[in-house]
Amino acid sequence: VNIILLGPPGAGKGTQARRLVEERGLVQLSTGDMLREARSSGTEMGKVVAEVMDKGQLVTDEIVVGLIREKLEGSDAKGFIFDGFPRTLAQADALGALLGGLGQQVDGVIEMQVDDAALVRRITGRFTCGNCGEVYHDETKPTAKDGVCDVCGSTDLRRRADDNEESLKTRLLEYYKKTSPLIGYYYAKGNLHPVNGLAEVEAVAADMGRVLDGLT
Ligand code: AP5
Ligand code: ZN
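Looking at an unreviewed UniProt entry, the chain carries the name Adenylate kinase, with the source organism given as Paracoccus isoporae. UniProt, in its Function (unreviewed entry) section for the chain, records the words "Catalyzes the reversible transfer of the terminal phosphate group between ATP and AMP. Plays an important role in cellular energy homeostasis and in adenine nucleotide metabolism."

As structure tokens, this is what we get:
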């Protein structure tokens, strides 16, 4: 199955996508992670996107669709979790066309509903492991040992440059203006499955599991 995780910054898309990789053997395609990889490897494209990302604005459709196309065409995965993509109507159309070309489709869209106050708390407390990608939070999910990743033992724990209140304001505006129209777009296709993203990680995962079981 191919599923999309749709939701504002901090809704828990990355956290849940990582679980689905473990539990269901799906492949996570996070355009945010791909873009961060491009910038840390210092490519021309990486330089162009760094400034846009730090401000909290959306990178162009052309760049992100290109990244997704590369991953889809080179893969024999049994299904994908799209995390942070699509984010505009043009990206949604492009994804439909790309999957269609592979004889596949979007099977379900999980809309993670969270209110803005919770998003600010989640984003400002977040840090991640630079080695394995595990996602943490100062209050709700600290590491067991200070400064050391629980999963892989790395001490490379990082905070994102765009995880400050100023950038978050722009990221939220971008979400409401450009991404939230996708809720109606997928609702009209009969693909939309809202879940309460404010619940605890385990409860959100259980809800999402029920949606996935209904798709297969
Ligand atoms: P991206 O990396 O996609 O960031 P985002 O959408 O802002 O989403 P986040 O990663 O911030 O949040 P998340 O929903 O994954 O939450 P998480 O699980 O980490 O994009 C970054 C930038 O790249 C964009 O601004 C844009 O510039 C560019 N970009 C990316 N894709 C693009 C595209 N398609 N088009 C154009 N530009 C693009 O959780 C957050 C925190 O909350 C964590 O600390 C976690 O531990 C905690 N948490 C999670 N779930 C729960 C829970 N249930 N209860 C309590 N705490 C929780
Ligand atoms: Zn780690």
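Moving on from the model shown.
### Description of the overall build of the chain
Within the chain one finds 9 helices and 8 strands. When the backbone C-alpha atoms are referred to their principal axes, the chain occupies close to 45 × 40 × 35 Å. Within the chain, contacts between residues at least 6 apart in sequence are counted, and of these 71% link residues at least 24 apart.

### Observations regarding the confidence of the model for the chain
Put simply, the chain has an average pLDDT of 95, and 100% of its residues get 70 or more. Here the predicted complex carries an ipTM of 0.96, next to a pTM of 0.95.

### Side note on the site of ligand 1
Around ligand 1 lies a shell of 35 residues, among which Pro9, Gly12, Gly14, Gly32 and Gly84 are the nearest. The set of elements that each furnish at least two residues to the shell around ligand 1 consists of helix 1 (13-24), helix 2 (31-40), helix 3 (44-55), strand 6 (135-137) and helix 9 (201-215). Within the shell around ligand 1, the residues separate by chemical class into 13 nonpolar, 14 polar and 8 charged.

### Concerning the UniProt feature "domain: Adenylate kinase active site lid" (unreviewed entry) in the chain
Within this numbering scheme, the UniProt entry marks residues 126-162 as carrying the feature "domain: Adenylate kinase active site lid" (unreviewed entry). In residues 126-162, helix accounts for 0% and strand for 24%; the two terminal C-alpha atoms are 11 Å from one another.

### Some points on the sheet that holds strand 6
Pairing is antiparallel across the open sheet formed by 3 strands, whose spatial order is 6-5-7. One side of each edge strand has no neighbouring strand; the edge strands of this open sheet are strand 6 and strand 7 (157-158). As judged from the 3 bridges shared by strand 5 (residues 126-129) and strand 6, these two strands associate in the antiparallel manner. Residue pairing in the sheet places phenylalanine 127 in a bridge with tyrosine 136 of strand 6.

### A look at the UniProt feature "binding site: AMP" (unreviewed entry) in the chain
As recorded in UniProt, the feature "binding site: AMP" (unreviewed entry) lies at Thr31, Arg36, Gln57, Leu58, Val59, Gly84, Phe85, Pro86, Arg87, Gln91, Arg160 and Arg171. These annotated residues cover 141 residues of sequence, and their C-alpha atoms reach 24.3 Å apart at the extreme, placing them across more than a single site. Given 21 C-beta atoms within 10 Å, arginine 87 falls into the buried group. Setting aside residues up to four positions removed in sequence, arginine 87 forms contacts with Leu58, Lys178 and Thr179. Mapped onto the fold, glutamine 91 is located in helix 5 (residues 89-101). Every residue in contact with glutamine 91, bar those within four places of it in the chain, is listed here: Asp61, Val64, Val65, Phe85 and Pro86.

What counts and what doesn't
Residues numbered from 1 in each chain as written. Chains lettered and ligands numbered in written order. Predicted model: local features only at pLDDT ≥ 70, side-chain atom pairs only at ≥ 80, totals over all residues. UniProt positions renumbered as here; feature names shortened; annotations may be inferred. Helix = DSSP H or I, 4+ residues; strand = E, 2+ residues; numbered from the N terminus. Contact = placed C-beta atoms within 7 Å. pLDDT = per-residue confidence, 0-100. Near = placed C-beta within 6 Å. Nonpolar A, V, L, I, M, F, W, Y, C, P; charged D, E, K, R; others polar. Pairing = 2+ DSSP bridges. Buried ≥ 20, exposed ≤ 12 C-beta atoms within 10 Å, placed from the backbone.

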